[in-house]
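Commentary on secondary and tertiary structure
Given next are the chains, with one letter for each unit.
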Amino acid sequence: MNSIESEKLPVMISVRGEQYYDGVDPDSTELMTEGTLEQTADGLRISYQETELTGMEGTCTTFEIGPSRVILRRSGSVNSQMVFEEGKQHTSLYETPFGDLSVDIQTGRLRHNLTERGGIMEIRYSIAVEHVVTGRNCFKIRVRRK
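Residues numbered from 1 in each chain as written. Predicted model: local features only at pLDDT ≥ 70, side-chain atom pairs only at ≥ 80, totals over all residues. Heavy atoms only, no water.

**What about the overall build of the protein?**
We apply this condition: Secondary structure follows DSSP: runs of H or I at least 4 residues long count as helices, runs of E at least 2 residues long count as strands, and numbering of each begins at the N terminus. The globule rule used here is 2.2 Å times the number of residues to the 0.38 power, and the radius of gyration it is set against is calculated over C-alpha atoms. Between two residues, a contact is recorded if the distance between any of their heavy atoms is within 4.5 Å. Computed with the Shrake-Rupley method and a 1.4 Å probe, the accessible areas treat only the protein chains shown as cover for residues.
Looking only at helices and strands, the protein features zero helices and ten strands. For the protein, the N- to C-terminal ordering of α and β elements is β-β-β-β-β-β-β-β-β-β. The C-alpha atoms of the protein give 15 Å as radius of gyration, which agrees with the globular expectation for 146 residues (15 Å, within 12%). Of the contacts made within the protein by residues no fewer than 6 positions apart, 35% connect residues no fewer than 24 positions apart. With an accessible surface of roughly 8,500 Å², the protein has 48% of that area assigned to carbon and sulfur atoms.

**Considering the pattern of salt bridges**
For clarity, the threshold we go by: Only one rule defines a salt bridge in this text: a Lys or Arg side-chain nitrogen within 4 Å of an Asp or Glu carboxyl oxygen.
In the structure shown here, the tally under the stated rule is ten salt bridges. Residue Glu-64 pairs with Arg-45 through a salt bridge whose shortest N-O separation is 2.6 Å. With Glu-64 in strand S4 (residues 59-65) and Arg-45 in strand S3 (residues 44-49), this pair connects stretches of sequence that are 19 residues apart. By sharing partners, the salt bridges in this structure join Arg-16, Glu-18 and Glu-30 into a single network.

**Digging into the nonpolar core**
Rules: Definition used in this section: a nonpolar core is a set of buried Ala, Val, Leu, Ile, Met, Phe, Trp, Tyr and Cys residues joined via side-chain atoms within 4.5 Å. Exposure classes here rest on a 1.4 Å probe applied to the protein chains alone. A residue is buried below 20% of its type maximum, exposed above 50%, and partly exposed in between.
Phe-63, Phe-84, Ile-123 and Phe-139 are the most contacted members of the largest nonpolar core, which totals 26 residues. Per-element accounting of this core gives the leading share, four residues, to strand S9 (residues 118-129). Every residue in contact with Phe-84, bar those within four places of it in the chain, is listed here: Ser-68, Arg-69, Val-70, Leu-72, Ile-105, Thr-107, Leu-110, Ile-123, Tyr-125 and Phe-139.

**Notes on the environment of Glu-95**
Structurally, Glu-95 is set in strand S7 (residues 89-96). For the pair Glu-95 and Ser-80, spaced 15 residues apart in sequence, the C-alpha to C-alpha distance is 6.8 Å. Each residue touching Glu-95, except ones within four places of it in the same chain, is listed here: Asn-79 and Asp-100.

**Things to note about the packing of aromatic side chains**
The geometry of an aromatic ring pair is captured by two quantities: the separation of the ring centres and the angle between the planes. Just so we agree on the cut-off: Two aromatic rings, drawn from Phe, Tyr or Trp (for Trp, its six-membered ring), form a pair once their centres lie within 6.5 Å of each other, and the interplanar angle then sorts them: stacked below 30 degrees, edge-to-face above 60, tilted otherwise.
For the structure shown, the criterion picks out four aromatic pairs. With 5.8 Å between their ring centres and 90° between their planes, Phe-63 and Phe-139 make a pair best called edge-to-face. Taken together, the residues Phe-63 in strand S4 and Phe-139 in strand S10 (residues 132-145) connect sequence positions 76 residues apart. Just as Phe-63 is buried, Phe-139 falls in that class too. For the ring pair Phe-84 and Phe-139, a centre distance of 6.4 Å and an interplane angle of 90° mean the geometry is edge-to-face. In this pair, Phe-84 is assigned in strand S6 (residues 80-84) and Phe-139 in strand S10, connecting sequence segments 55 residues apart. Among the aromatic residues, those joined into a ring-pair cluster are Phe-63, Phe-84, Tyr-125 and Phe-139.

Okay, here's the thing in structure tokens:
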């Protein structure tokens, strides 16, 4: 069990999500919100509440940031998990009102300079739903202490 007593530090989080589809202009959303940053036994954890802007109001999003991989978990009105590990593919299950879907995540780039003081994280990945590639995506996340 983790013996590190971690404190949830208040932070401002800027999340820019970009989606690229063949033959279509990129789609992007940007969310500026309050959240928390905490030290874990394996790295850092960032958490925040989604809003109407992202279409996932009532959902808590958490990034578990380790040395070589990041796990994104969403719980609440939307439940999902995505694993990002540069150069590797991971398959997750998405719960939807219409049934469960398998989602393959192929991470092309995973970079961050995050510390307890904040920083930046960038994740570039492609996503396939039921093994059919649906597009390329990018998260650019900035975290700063309040």
